[in-house]
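Geometric and topological summary
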Amino acid sequence: MLKGTAVFGGVQVFNVLINIIRGKLIAMIMGTIGMGVSSLYNSAMLPIQQLASMGLNQSSVRLISMAKEGTSTHSIETITSVFNTLIKFSALIGFFFTILFSYQLSNWTFGNSSNAYWFMLIGVVIGFQILSSGNITFLQGIREYKKIASCSTIAPACGLIIGIPLYYLYGTKGIVPAMLVLSIVSYLYSTYCRKKCNISIKKVSYTEIWLVGKDIILMGLVMMIASLLGQTTTYLINLCIRTWGSVSDVGLFQAANSITNQYSGLIFAAMAADFYPRLSAVSKDTQKVNELVNEQTEIVLLLIVPIACLIIITAPILIKILLTEDFLPTSHLIKLMGFSLIFKAVAYPIGYISFSHGDRKYFFCVEGLWMNIKTFFLFICSFHFWGLIGLGYAAIASGIIDIFVASILNKWRYRFNYNKSVLFLACKLLPVSIIILILASLKYENIFTWATLICMYSVLVWYSYSQLNKRMEIVSVIKAKFGKKNH
């Protein structure tokens, strides 16, 4: 059951490494100008892609998973065919929009129209990326983990290999062609993997598109709006920090955010890709939903607590490695935000229950409105009263509030309850995490403090591994893999 989580985790790590290598090569070959141009193209492209996609990828996983398990009123061929039609339509929207407004996009992004031609090519990139993500969504819905891993690693690697000569030969003029090559390779390979699944695409009538696609589109739009609200909230928080503090404070906060989320994000992304399809498939069975969410909460806790504690212990070292010594004032903030990841992890699986039910009203009101309003006021009030360190307190408070609110609302609406096993595990891990946070935050460090931290962390890692091994049989899987290779 947890095989998909391990696969997606490995894929996430691989893609992070590919992005680091790509960024490093751009910096080495083209310098800061190349990094800036690449960033501008991507920052202009991503919102268009997000709006054109209309949240179809996220909302479609649920229906495809249900159809695969036979719990949907429509066949998997019908749902897949409708989704395929919708994703092609959204790809055309992204393509034509970018081409029609290529001169305006060039002016807004670079202050002149000399890059309009490149934006026309970016329209092609957006079209292929939307189609490629549609193929990945289909594979995710039917839980073809190996094919997803293959698409998510081979295509980016090929794109990087082909992109290097383009960067070297053409400089900044090779950036968009490299993006185009990557998008085409991703589309072709993901299409090949999708066709190997032997689920046919049939012609569907406008009536079928409306009946099946209505739920996909409406849920997708709700998710897209919620995502935009989240981005707006982040922008407003940064604006308040700059107004009451300084631009430097905004930079310090974003640096702390980046460090804490960079590593935890690997876990959360992997969990979402695997957990959401499985939860959607059993969404109509309350008992199975309870069992799955509780099991997932335990796994997330066992994975995230060692990561959070490692961030707490090594915060100053991470700053020196990933940033510069100018960012050392964020050390305690990073420790607090690292600690907040534990509460975020507990609230994470339960947040998918409404999503798996296709409950648009609940998702919009709770995940879209309440979560963002709560986050905004917590962060700006904490910054106003306690400065930069207050943002760490806000992150912890936000996580705790999310757990209590989500628990109450999901019990009322979906009859969900945490079992004793989850509560018992949390009671074991939380005190250890608090002690590690207190010891790592002491102003006067000595050998005894560090020795205690190392011993406690070692015991924590051993305990987490042993518990994960009971649930995932890690040792057996490794032995089986090596056994096959030896034969």
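For the structure, see preceding data.
This one's a predicted model, so the numbers in the text were calculated from it and none came from an experiment.

Here's the deal with unusual backbone geometry
Even without being glycine, R415 reaches a positive phi, approximately 60 degrees. Considering the arrangement of structural elements, one finds R415 in the loop between α14 (388-414) and α15 (420-440). Residue class for R415 comes out exposed when judged on its relative accessible area of 58%.

Looking at the packing of aromatic side chains
Across all of its chains, the model carries 16 aromatic pairs by this definition. Centre to centre, the rings of F128 and Y187 are 5.4 Å apart; their planes meet at 45 degrees, and the pair counts as tilted. With a gap of 59 residues between them, F128 in helix α5 (residues 116-141) and Y187 in helix α7 (residues 175-195) connect regions that are remote in the sequence. Consider the rings of F376 and F377, whose centres lie 5.3 Å apart with planes at 75 degrees: the pair is edge-to-face. For F376, a relative accessible area of 17% puts it in the buried group. Aromatic ring contacts, followed pair by pair, group Y41, F110 and F119 into a single cluster.

Description of the nonpolar core
Of all hydrophobic cores here, the largest spans 82 residues; its most connected members are F253, V293, V305, F379, L391, L429 and I436. If we skip the residues at most four places from it in the chain, F253 touches I237, N238, I241, L333, M337, F379, L388 and L391. Membership of the second largest hydrophobic core comes to 47 residues, among which are I76, A91, I199 and I216.

Some thoughts on the pattern of salt bridges
By the definition in use, this model includes 2 salt bridges. Its salt-bridge partner being D359, residue R413 comes within 2.6 Å of it at the nearest N-O pair. Linking R413 in helix α14 with D359 in the loop between α12 (352-356) and α13 (360-386), this pair joins segments that are 54 residues apart in sequence. Take R413: its relative accessible area is 37%, and that puts it in the partly exposed class. K374 is the partner of D402 in a salt bridge, and the nearest nitrogen-oxygen pair spans 2.7 Å.

Conventions adopted
- Per chain, the residues get numbers from 1 upward, laid out in the order the sequence is written.
- The predicted origin of the model limits local features to residues at a pLDDT of at least 70 and limits the giving and counting of side-chain atom pairs to 80 or more, whereas totals for whole chains, interfaces and linings rest on all residues.
- Only heavy atoms go into the side-chain values, all of them from the structure, while hydrogens and water stay out.
- Only runs of H or I of at least four residues qualify as helices and only runs of E of at least two qualify as strands under DSSP, and these elements are numbered from the N terminus.
- Exposed residues in this analysis have more than 50% of their type's maximum accessible area, buried residues have under 20%, and partly exposed residues fall in between, with area computed by a 1.4 Å probe over protein chains only.
- Centres within 6.5 Å make a pair out of two Phe, Tyr or Trp rings, where for Trp the six-membered ring is used; the pair is then stacked when the planes are under 30 degrees apart, edge-to-face when over 60, and tilted otherwise.
- Note on terminology: a nonpolar core comprises buried Ala, Val, Leu, Ile, Met, Phe, Trp, Tyr and Cys residues joined through side-chain atoms within 4.5 Å.
- Residue contacts are defined here by distance: any two heavy atoms, one from each residue, within 4.5 Å place the two residues in contact.
- Salt bridges are defined by distance alone: a side-chain nitrogen of Lys or Arg within 4 Å of a carboxyl oxygen of Asp or Glu.

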